[in-house]
Amino acid sequence: MAIISDNSDLLTGKSNENRKKNPIIKPETIEYDNTFENNIRPKDFDSYIGQSALKETLKVILESAKKRGKPLDHMLFYGPPGLGKTTIAGVIASQMGVDIKITSAPALERPRDIIGILMSLKGGEILFIDEIHRLNKVAEEILYPAMEDFTLDMTTGKSQTAKTLRVPLPKFTLIGATTKAGELSSPLRDRFGMIHRLEFYSVEELAKVVQRTAKILDINVTEEGAVAIGKRSRGTPRIANRLVKRVADFAIVKYDGLIDEKVANESLDILKIDEFGLDNTDRALLNLIIDKYDGGPVGIETIAAALSEDVRTIEDVCEPYLLQAGLIQRTPRGRKVSPEGYRHLGKSIGSEQTKLF
Ligand code: ADE
């Protein structure tokens, strides 16, 4: 599997998300990646936990493509970061017995980036483009005939002497991933044969992810320990996988090596990951809205500036889980902390706010 390196070891993945948006790695430097995240990635549907509706649909699509001897339809996966969009693409590739080339839209800045990667594909291969909503117009227009007719339309020469050259491409499958399906242009969206939203994971599913990862990494964890980590993983397996490693460090250094419920909870308390899985940035966001803006509504730009974070990180990484957990609400006039958000921080709702709810 050819994968662009992604080495971040941070707990919540926020800086990692930032880094992905400004990748320094270009497609021509694609290389095999055996980082932690890729070593523990499941390779088949049975070891891929959760997203059962998606798995069932995919099994049928894959079997049908195999029986017909045809390449898979192009697919678009969307949803918050860390829910396994890249992972499921890897499972699809290994189940089809084909290679996958992984890149990200910001790395496809120049026409030759996308042309180069398309021309390097072999029949049946999968091209995975992360953050596909960030593809520029030129790259998008190169992709349209590539997706539809497996051809590359190239123009040579200038104005009156310009000629269009149609270069055939091997039949490939494009898998796009995005946290923002709404930002995809409709001509691009319409060219995907399947569009699926990935859901947050339940605590039980996350506990299974923790147990699976712990086994691969030779870490001892009890069922209750796995559930305790699952509870604080914000519905996100990528976070569960990071937390299990961090808690394992505490278990080895401060305890007897076994992660049970007490070790998990005490370690996560020290790491300042609370029982909802919120970290310092999430709590700072809630406190800011409550303390400085009377619980909101307040605009996202104001929040980002006050927290010295960029708007994208707040929108793509912090907010989806805070919204899903019902701690904040999005209104046309900005973000508001919900009564549940106040309760979570042990704060009482001011008189102005009481009137609003
Ligand atoms: N690691 C990350 N996502 C996973 C999943 N859905 N199942 C198993 N392991 C994972």
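Only a predicted model underlies this, so the values are computations on that prediction, with no experimental measurement involved.

**Student:** I'd like a rundown of the overall build of the protein, residues and numbers included.
**Tutor:** Helix and strand counts for the protein come out as 16 helices and 11 strands. Counted over contacts in the protein with a minimum sequence separation of 6, partners at least 24 positions apart contribute 71%. When the accessible surface of the protein is summed, it comes to about 16,700 Å², and 50% of that surface belongs to carbon and sulfur atoms.

**Student:** So what's going on with the packing of aromatic side chains? Residues and values would help.
**Tutor:** Summed over all chains, the structure comprises 2 aromatic pairs. Centroid distance F150 to F172: 5.6 Å. Interplanar angle 80°. Geometry classified as edge-to-face. Of this pair, F150 sits in the loop between α6 (137-149) and β4 (151-156) while F172 sits in the loop between β5 (163-168) and β6 (173-178), and the two are 22 residues apart along the sequence. Like F172, F150 is buried. Consider the rings of F200 and Y321, whose centres lie 5.8 Å apart with planes at 75°: the pair is edge-to-face. Placement of F200 in the loop between β7 (194-197) and α8 (203-216) and of Y321 in helix α14 (residues 311-324) is noted, with a sequence separation of 121 residues between them.

**Student:** How would you summarise the nonpolar core if you had to cite specific residues and measurements?
**Tutor:** In this structure, L58, F77, I92, I229, I259 and L285 are the most contacted members of the largest nonpolar core, which totals 67 residues. By residue number, the principal contributor to this core is helix α10 (residues 237-254), which donates 7 residues. Once residues within four sequence positions are removed from consideration, F77 is found in contact with L54, L58, K85, I88, I92, I175, G176, A177, T178, M194, H196 and L198. One finds I114, L127, A139 and L188 within the second-largest nonpolar core, a separate group that totals 27 residues.

**Student:** Any chance you could break down the packing of α8 against helix α9 (residues 223-231) for me, citing the residues and the numbers?
**Tutor:** Close contact between α8 and α9 brings their axes to 8 Å; oriented N to C, the two are set at 120°. In this view, α8 runs oblique relative to α9, as classed from their interaxial angle. For α8 against α9, the interelement crossing comes out right-handed. Two secondary-structure elements touch here, α8 through V203, L206, A207, V210 and Q211 and α9 through E223, A226, V227, I229, G230 and K231. When the residues that make up the contact of α8 with α9 are grouped by side-chain class, the tally is 7 nonpolar, 2 polar and 2 charged.

**Student:** How would you sum up the pattern of salt bridges? Please name residues and give values.
**Tutor:** This model, assessed by the stated rule, comprises 21 salt bridges. In this structure, E140 engages K137 in a salt bridge whose closest nitrogen and oxygen atoms are separated by 3.4 Å. Highlighted residues: E140 and K137, both in helix α6, separated by 3 residues, approximately one helical turn. Residue K137 is classed as partly exposed on the basis of its relative accessible area of 49%. R166 is the salt-bridge partner of D149, the closest N and O atoms lying 4.0 Å from each other. In this pair, D149 sits in helix α6 while R166 sits in strand β5, placing the two residues 17 residues apart along the sequence. D149 sits in the partly exposed class, given a relative accessible area of 44%.

**Student:** Before we move on, could you go through the site of the ligand and cite the residues and values that matter?
**Tutor:** Around the ligand, a shell composed of P42, S47, Y48, I49, Y201, R212, P237 and N241 is seen. Interatomic distance of 2.8 Å between a backbone N/O atom of I49 and a nitrogen atom of the ligand. One nitrogen or oxygen atom from the side chain of Y201 is found 3.1 Å from a nitrogen atom belonging to the ligand. Its free accessible area being 260 Å², the ligand has 95% of it covered by the protein chains. Classifying every residue of the shell around the ligand by side-chain character gives 5 nonpolar, 2 polar and 1 charged.

**Student:** Could you give an account of the sheet that holds strand β3 (residues 126-130), with specific residues and numbers?
**Tutor:** Reading across from one edge, β2-β3-β6-β1-β7 is the order of the 5 strands in this open sheet, with parallel pairing throughout. Where the open sheet ends on each side, the last strands, each with one partner, are β2 (100-104) and β7. Averaged over all adjacent pairs, the angle separating strand axes in this sheet is 15°, with direction ignored. Of the pairings in the sheet, the one linking strand β1 (residues 75-78) to β6 comprises 4 bridges and is parallel in character. Paired with L76 across the two strands is G176, which belongs to β6. Sheet contacts for helix α3 (residues 52-68): β1 and β7; angle to β7, the most-contacted strand, approximately 160°.

**Student:** With reference to specific residues and values, describe the confidence of the model for the protein.
**Tutor:** Residues with a pLDDT of 70 or more make up 88% of the protein, whose mean pLDDT is 89. Within the model, pLDDT remains below 50 along residues 1-13, and this stretch shows 49 contacts once partners closer than five positions in the same chain are excluded. Contacts for the low-pLDDT stretch residues 15-33, under 50 throughout, to residues beyond four places or in other chains number 53 contacts.

So, how was this worked out
Residues numbered from 1 in each chain as written. Predicted model: local features only at pLDDT ≥ 70, side-chain atom pairs only at ≥ 80, totals over all residues. Heavy atoms only, no water. Helix = DSSP H or I, 4+ residues; strand = E, 2+ residues; numbered from the N terminus. Contact = heavy atoms within 4.5 Å. Areas by Shrake-Rupley, 256 points an atom, 1.4 Å probe, with all protein chains shown as cover. Phe/Tyr/Trp six-rings, centres within 6.5 Å; stacked < 30°, edge-to-face > 60°. Buried < 20%, exposed > 50% of the residue type's maximum accessible area, 1.4 Å probe, protein only. Core = buried A, V, L, I, M, F, W, Y, C linked by side-chain atoms within 4.5 Å. Axes fitted to C-alpha atoms, helices over the stretch in contact; angles between N-to-C directions. Parallel < 35°, antiparallel > 145°, perpendicular 65-115°, else oblique. Left-handed = near helix turned anticlockwise from the far one by under 90°. Nonpolar A, V, L, I, M, F, W, Y, C, P; charged D, E, K, R; others polar. Salt bridge = Lys/Arg side-chain N within 4 Å of Asp/Glu carboxyl O. Near = heavy atom within 4 Å. Polar contact = N/O pair within 3.5 Å; in protein donor to acceptor, adjacent residues only side chain to side chain. Pairing = 2+ DSSP bridges. pLDDT = per-residue confidence, 0-100.

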